[in-house]
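# Close look at the chain arrangement
Here is what each chain is made of, one letter per residue.
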Amino acid sequence: MSKTKHVITVIVLSLLGITMLIALNKIPNQFEYANSISQHIVNNAVKETGSLNFVTAILYDYRAYDSLGESTIIFGAVSGIVLLLSRKTLPVSSHGLSFIVKRTFGMLTPFIFLFSIYIITHGHLSPGGGFQGGVILGAISIIFSIVYGSEFDYKRYTPTTKTLLETGGALLFIGLGFLGIFFGGNFLMNLRFLNMGEGSLISAGSIPFINTVIGFKIGAGLAIIFYSMIQKTFKEGVDL
Amino acid sequence: MSTSLILLIIIPLATAFAIPFVDIFSNKARKYLVVFTTFLELFILVTIIFNNYSSILNGTLFLKYYMGNWIPPIGITLVMDMLSIFFSTMITFAMVFIVIYSIGFIGHHEGKYYVLLFLIWAAMQGIILTGDIFNLDVFLELLLITSAPLVAFKRNREGTEAAIKYMFYGTIGGLFVFIGVVLVYFNLGTLNFAHISQNFNSLSFFIKKMISIFFLLGIFIKLGIFPFHFWLSKAHSACPSSISALLSGVIVKVYIYVFIRLFWNVIGFEVLIENGLDKVILIAALISSIIGHIMALNEDDIKKMLAYSTVANLGMIISVLTLNTKLAIIAALLHVFGHLLMKISLFTTTGYLLQFTPGHKLEDLKGVAYKNKLLFIGFIVAAGGMIGLPPMIGFSSKWYILRAFINQNIHWGSIIIIVGSVIAFVYYIRFIIYGFKKISIGPPEKFRLILSVFYRERVVTDIAIFFAVAIIIAGIFYKIALIPINGAAEMLQNPYIYVETILGG
Amino acid sequence: MINNFVFVALFLLGFYAILVKKNLIKMVIGLNIMEGAIFYWFITLTDRGGLIPIVKSSQVVNNLNDPIPQALILTGIVIGASTSAFLLTLIIELNKFTNSTNPDQLGGMLED
């Protein structure tokens, strides 16, 4: 029974695949560039936004509203995960690795943190940005729980702090949007007067600031997701 | 340029962000915040309506807002036309009542519950006001990912299973919409609704068909129309009643809005006709309608029955939309309005009554009417509306739907609608009769409080009576609701107005 | 065209995992493969063999790759990650009640 079902699935999927392939091969294989919005962006993005990285210019200026929706999606996922997996007691998943690992990681942590801050703040000049740097920030918190044991991170960087960082970041994003209205434009208008010359750190208006608030928000959000999920994975008090 | 459009989206969004922040300091402040922002949102909507009173009466309302000062088609544009304001008003009023109903009803994790409720509100307003196809996709995903935790809110096995199914179907539907977005961007190089609509007819017949099919698949999966209706009844019945009312009454209407916006304003209905897809949609939707009614008849779990009735009514709305005459669009929008009122009323009253019963089954509901008679009258009025009895709103909307079918000479369609109403009569009257049955065993044991949640009886009764009165008044004076609907139908008949107003400056 | 072929193959591979696999976590992986297939397809379709869209100064550079698909895909990746995280949470929750990750306990994905 199971085998016939399997075979039928494979046959149906191959037929579907052939149909899709025939259909997709009929679309023209060269992208018509002339009439598109990307032509405008490629020609004018540096002038209009001050960001040398076009992808960042799109994400945080031309389509910043999409990024607001996107960070809201992470916020929604975090809220849902906390709702389902919330608990009152402190999860003690492990007591950490050996002394050598703890020492080495202790020396590495400032550099990892510096790297993530670099990626966040240089989003408009080089590859990177708030989301990418924020993931590294979240990873620091996750590595802490592996290397030093989950209690270490939990005590120094409490869930309240994480929640404050996350909601604070999101509210600051909206606040930056309203600054656009305050300075006579529309919501999420780029504040172009924050400019100290092309290619410098403060050069793309509000883009670096949006990057920073998103970076901290994403880092805190990912840490919350991780700490909600690790409950009861390990028995309490078992030394790994 | 009207700033109130962005406020409609940002106020619920900022509230959702602020609730965990406020929660750290005080739980009481959260309640005030929730009520305050709910009425602030309502106030802003009412301001928009009053400021544009004459243009709504003329049916020429058109507001737009350029995000970040980028003129279309470069940036994201928010648009409010007659269709948007019709849906936006419905949703705002419905959410106000759902928030009031929720106060004092949710027992655990109230903070997160309100966060998700307000995120859903923001996502719905975002979908309705957006004028950009990728932004639409983002907000559709937001709506999915914020409503799924609420499906699993009871934290029992059924809820979790329903939420897993809901997430799988919803995500796959979202992927199909994303493929559609990719094809649109690849072929036209733009993401703005109006710009797409302007250039869509320059594409070849085959590509137009492919894009329509992918969007159609995505929306049908999210709506639960016939070949994909498996998940809907479970997801809409496994959650607390306020969420059921939200999912079944409000969120499905947002997907109907997406269907209308995409296939009338963006792609253009003549594309569907030229591909022969309109007949496919009509048949699938009518099958969905009849299957929903039959499944509801088979079901003796009251919440599942109501969920199947949603499947049936969605099929009815989509099928009448595909007729594409002015009368048909008016009929569909009127039924959207009526179904929203009736479904919220049914789920909220049922949710209150179910706290006195040991289960959700037909036998468990014996004699439940004597517990709170006013509330049960509200249930009967809403059920009568769903069946299509005068003078409720259900009668007028079904009357319009039948007229639309008969005008187009699709008599078998009208026969299916009538048969469906007869079946609906059978399955609603069953529950009403059981509710009035006298119980031989002493009531005190039967009516013990099963659920740990606590309802505020007066508020719930007031809401039920309000909805009952609203259903009857809307049924008698349905001509008032026809003012915005007429304007919306005229705008949908002339999609070039939308294009010209956005791209014209 | 090779990118269409890879897209269809990966997309259906993910779909096959969702239909056939008897483990919910594998089904989530299938969903991620489907998402990945679409991202791959989008980026190869709009690829013109140009330079990366990051410049050194405000002078207009010709022959840049289209930056919009990259921005849209970044958004899509974040959406996909959140969806997977939440689905995995639901599976953890289901595992608490039933001690298994078999999708058959959902009563079949294609039944109600």
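Source: prediction; values computed, not measured. (Residues numbered from 1 in each chain as written. Chains lettered and ligands numbered in written order. Predicted model: local features only at pLDDT ≥ 70, side-chain atom pairs only at ≥ 80, totals over all residues.)

## A few points about the overall build of chain C
Regarding its fold elements, chain C presents three helices and zero strands. Each helix and strand of chain C, ordered N terminal to C terminal, gives the series α-α-α. By the compact-globule yardstick of 13 Å for 112 residues, chain C is too spread out, its C-alpha radius of gyration being 19 Å. Within chain C, the proportion of its 112 residues that are buried is 44%. Within chain C, contacts between residues at least 6 apart in sequence are counted, and of these 46% link residues at least 24 apart. (Helix = DSSP H or I, 4+ residues; strand = E, 2+ residues; numbered from the N terminus. Rg over C-alpha atoms; globule rule 2.2 N^0.38 Å. Buried ≥ 20, exposed ≤ 12 C-beta atoms within 10 Å, placed from the backbone. Contact = placed C-beta atoms within 7 Å.)

## Description of the overall build of chain A
In terms of regular secondary structure, chain A is built from nine helices and zero strands. Ordering the α and β elements of chain A from the N terminus gives α-α-α-α-α-α-α-α-α. When each of the 240 residues of chain A is scored for burial, the buried share is 45%. For chain A, contacts bridging at least 24 residues in sequence account for 71% of all contacts bridging at least 6.

## What to know about the interface of chain B and chain C
Across the contact, 23 residues belong to chain B and 27 residues belong to chain C. For the side of chain B that touches chain C, the secondary structure elements donating two or more residues are helix H6 (133-151), helix H7 (157-188) and helix H10 (232-237) of chain B. Ranked by the residues each element gives to the side of chain B that touches chain C, the list is headed by H7(B), at 14 residues. Class assignment for the residues of the side of chain B that touches chain C results in 15 nonpolar, three polar and five charged. (Nonpolar A, V, L, I, M, F, W, Y, C, P; charged D, E, K, R; others polar.)

## Topic: the nonpolar core
All names here are of chain B. Ranked by size, the top nonpolar core spans 286 residues in total, and within it Leu143, Val151 and Val320 carry the most contacts. Considering each element in turn, this core owes the most residues, 19 residues, to H7. For Val151, the contacting residues outside a window of four places in its chain are Gly159, Ala162, Ala163, Tyr166, Ala235, Ala238 and Cys239. (Core = buried A, V, L, I, M, F, W, Y, C linked by C-beta atoms within 7 Å.)

## Regarding the environment of A:Phe187
Secondary-structure assignment places A:Phe187 in the loop between helix H8 (159-182) and helix H9 (207-229). Each residue touching A:Phe187, except ones within four places of it in the same chain, is listed here: A:Gly177, A:Phe178, A:Gly180, A:Ile181, B:Ile6 and B:Met67.

## A closer look at helix H13 (residues 277-298) of chain B
Residues that lie three or four places apart on an α-helix share one face, since the helix turns once every 3.6 residues. Residues and elements named next belong to chain B. A rise of 1.5 Å per residue sets the reference length of H13, with its 22 residues, at 32 Å; its end C-alpha atoms lie 31 Å apart and thus fit the reference within 8%. Turning to H13, its buried residues are Ala284, Ala285, Leu286, Ser288, Ser289, Gly292, His293, Met295 and Ala296. Contacts made by the buried residues of H13 are with helix H14 (302-321) and helix H18 (411-436). (Expected span 1.5 Å × (residues − 1).)

## Considering the interface of chain A and chain B
Listed by partner, the interface residues are 45 residues for chain A and 45 residues for chain B. A class-by-class count of the residues in the side of chain A that touches chain B yields 22 nonpolar, 17 polar and six charged.

## Details of the packing of helix H15 (residues 326-353) of chain B against helix H17 (residues 393-407) of chain B
All names here are of chain B. Running from N to C, H15 and H17 point in directions that differ by 155°, and their axes come no closer than 8 Å. By the criterion of interaxial angle, the relationship of H15 to H17 is roughly antiparallel. Here the hand of the crossing between H15 and H17 comes out left-handed. Across the interface between the two elements, Leu327, Ala328, Ile330, Ala331, Leu334, His335, Gly338, Leu341 and Met342 from H15 touch Ile393, Gly394, Ser396, Ser397, Tyr400, Ile401, Arg403, Ala404 and Asn407 from H17. Of the residues in the contact of H15 with H17, the class split is eleven nonpolar, six polar and one charged. (Axes fitted to C-alpha atoms, helices over the stretch in contact; angles between N-to-C directions. Parallel < 35°, antiparallel > 145°, perpendicular 65-115°, else oblique. Left-handed = near helix turned anticlockwise from the far one by under 90°.)

## Here's the deal with the environment of B:Gly173
Residues and elements named next belong to chain B. Here Gly173 is to be found in helix H7. Between the alpha carbons of Gly173 and Ile256 there is a distance of 14 Å; along the sequence they are 83 residues apart. Beyond its immediate sequence surroundings of up to four residues, Gly173 is in contact with Gly218, Ile221 and Lys222.

## Notes on helix H1 (residues 4-25) of chain B
Counted at 1.5 Å a residue, the expected span for H1(B) with its 22 residues is 32 Å, and the 30 Å between its end C-alpha atoms agrees. The buried fraction of H1(B) amounts to 17 of the 22 residues, a majority that puts the element mostly inside the structure.

## Points about the confidence of the model for chain A
Here chain A averages 85 in pLDDT, while 89% of its residues score no lower than 70. Here residues 233-240 of chain A is a poorly scored stretch, pLDDT under 50, and it has seven contacts once near neighbours within four places are set aside; other chains count. (pLDDT = per-residue confidence, 0-100.)

## Side note on unusual backbone geometry
With an omega dihedral of 5°, the bond running from B:Pro72 to B:Pro73 counts as a cis peptide bond. The peptide bond linking B:Pro390 to B:Pro391 adopts the cis configuration, its omega dihedral lying at 5°. On the secondary structure map, B:Pro391 appears in the loop between helix H16 (373-387) and H17. Residue A:Leu188 is not a glycine yet carries a positive backbone phi of 65°. Along the chain, A:Leu188 turns up in the loop between H8 and H9. One non-glycine residue, B:Asn69, lies in positive phi territory at about 65°. On the secondary structure map, B:Asn69 appears in the loop between strand S1 (63-66) and strand S2 (77-80).

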